[in-house]
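# Descriptive structure summary
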Amino acid sequence: MKLSPLPIYMIGVSIALIAASYGFFHQWTPNDTEASRFNATSEELQAVIDQRPQAQRRVDTAKSMVEAEAAKWRAIVALRTPATSRAERGVDIGVNPYQLIADTQGYRNDIQRAINAQVRAGGVVVVQGPYVPGPDTTSPVNEVLRTFYNYPPFAFPVVILDLGQVTVRGTYDQIKANYKAYSKMPRYLAIADGLRLEGTGATLTGTYNLSVVGFIRGKKIAPPIGDAAGAAPAAGGIPGLPPGVTPFGGPGGPPPGAVGAGGPPPGAAGAGR
């Protein structure tokens, strides 16, 4: 049977439509959609890439700010913190706890000397001076870091001295100079507040509160000796020390002038001269 041209044309058109539909819906449309997504993603990435110089500038600015603050702190450390050796009237907290007790007693005396010199700034007469408490020698040796250097609970060793009231006598200008001089106290951060003036005439009496902070420098902190070593030494002495020698280096107890539990002696302002 011979087909007429019309059915042949219809069959051809149908096949063409099927092929076109397959190509449009299964090939061209998905590819076009995916290409559009790729183009959108590429544009977003290019926008991020274009922001890179600005982000780098922000990073550089942040680094500069950090370095500037670090430089400020280094300047404070150089002038306003104690040294790291006893020879320079500082303290090394990396030694063993027994040695640290002895060194801390000497360091306490150096703090007292520094404050005694500072409290006379301006040419005033000291009526009631501050007294610096020393390490608690009745506690186990491992406790000296906590009781004197506040490590822990602070994340770094620091001496914090709330020294109470200081009373000085002098002219208004002398007391004013004395009060302001604490802001420049070498090796320590000193805060004087609550100044009160009393008296009439040329000579006045000034009273204020004084606090001193000493940030302890050092690259290491010695680990504690075992708990047994922290207990009171037996009759045979302390391991590692000669018989009859205490952690202070002498027989029978702390050296003369060591801080005891009885509180400051009379005339504490002159202690440790």
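Residues numbered from 1 in each chain as written. Predicted model: local features only at pLDDT ≥ 70, side-chain atom pairs only at ≥ 80, totals over all residues. Heavy atoms only, no water.

Residues Phe154, Phe156 and Ile160 make up a contiguous nonpolar surface patch of roughly 270 Å² in combined accessible area. With respect to the element layout, Phe156 can be found in the loop between helix H4 (144-149) and strand S2 (158-170). The class of Phe156 is partly exposed, set by a relative accessible area of 40%. (Patch = residues over 30% accessible without salt bridge, like charges linked within 9 Å, V, L, I, M, F, W, Y side chains within 5 Å. Areas by Shrake-Rupley, 256 points an atom, 1.4 Å probe, with all protein chains shown as cover. Salt bridge = Lys/Arg side-chain N within 4 Å of Asp/Glu carboxyl O. Helix = DSSP H or I, 4+ residues; strand = E, 2+ residues; numbered from the N terminus. Buried < 20%, exposed > 50% of the residue type's maximum accessible area, 1.4 Å probe, protein only.)

With that settled, consider the environment of Pro157. Mapped onto the fold, Pro157 is located in the loop between H4 and S2. Relative accessible area serves as the criterion here: at 10%, Pro157 is assigned to the buried category. Measuring from C-alpha to C-alpha, the distance between Pro157 and Ile93 comes to 8.7 Å, with 64 residues separating the pair along the chain. Not counting the four nearest positions on each side in its chain, Pro157 is found in contact with Ile93, Tyr149, Tyr151, Phe215, Ile216 and Ile221. (Contact = heavy atoms within 4.5 Å.)

Ordered in space as S1-S2-S4-S3, the 4 strands form an open sheet in which the pairing is antiparallel. Pairing within the sheet leaves two strands with one partner each, and these edge strands are strand S1 (125-128) and strand S3 (189-198). Between one strand and the next, the sheet's axes are offset by a mean angle of 30°, whatever the strand orientation. Examined bridge by bridge, S1 and S2 share 3 bridges and lie antiparallel to one another. When the bridges of S2 are listed, Val126 appears paired with Val168. In this fold helix H5 (residues 172-181) packs onto S2, S3 and strand S4 (204-215), with an angle of close to 155° to the strand it touches most, S3. (Pairing = 2+ DSSP bridges. Axes fitted to C-alpha atoms, helices over the stretch in contact; angles between N-to-C directions.)

Once that is clear, we can look at the pattern of salt bridges. Side chains bearing opposite charge may pair, as long as their charged atoms lie close to each other. Tallying each qualifying case throughout the model produces 6 salt bridges. Among the salt bridges present, the one from Arg86 reaches Asp110, with a minimum N-O distance of 2.7 Å. Taken together, the residues span a long stretch of sequence, with Arg86 in the loop between helix H2 (52-80) and helix H3 (97-118) and Asp110 in helix H3 at a distance of 24 residues. Arg86 gets classed as partly exposed once you look at its relative accessible area, which sits at 29%. Among the ionic pairs, Glu143 bridges to Arg146, the shortest N-O distance being 2.5 Å.

So, about unusual backbone geometry. The amide bond that connects Tyr151 to the next residue, Pro152, takes the cis arrangement and shows omega of -25°. When you line up the elements, Pro152 lands in the loop between H4 and S2. Looking along the chain, the bond that leaves Pro152 and enters Pro153 is cis, with omega of 20°. Mapped onto the elements of the fold, Pro153 is located in the loop between H4 and S2. If you check the backbone angles, Arg187 has positive phi at about 70° while not being a glycine. With respect to the element layout, Arg187 can be found in the loop between H5 and S3.

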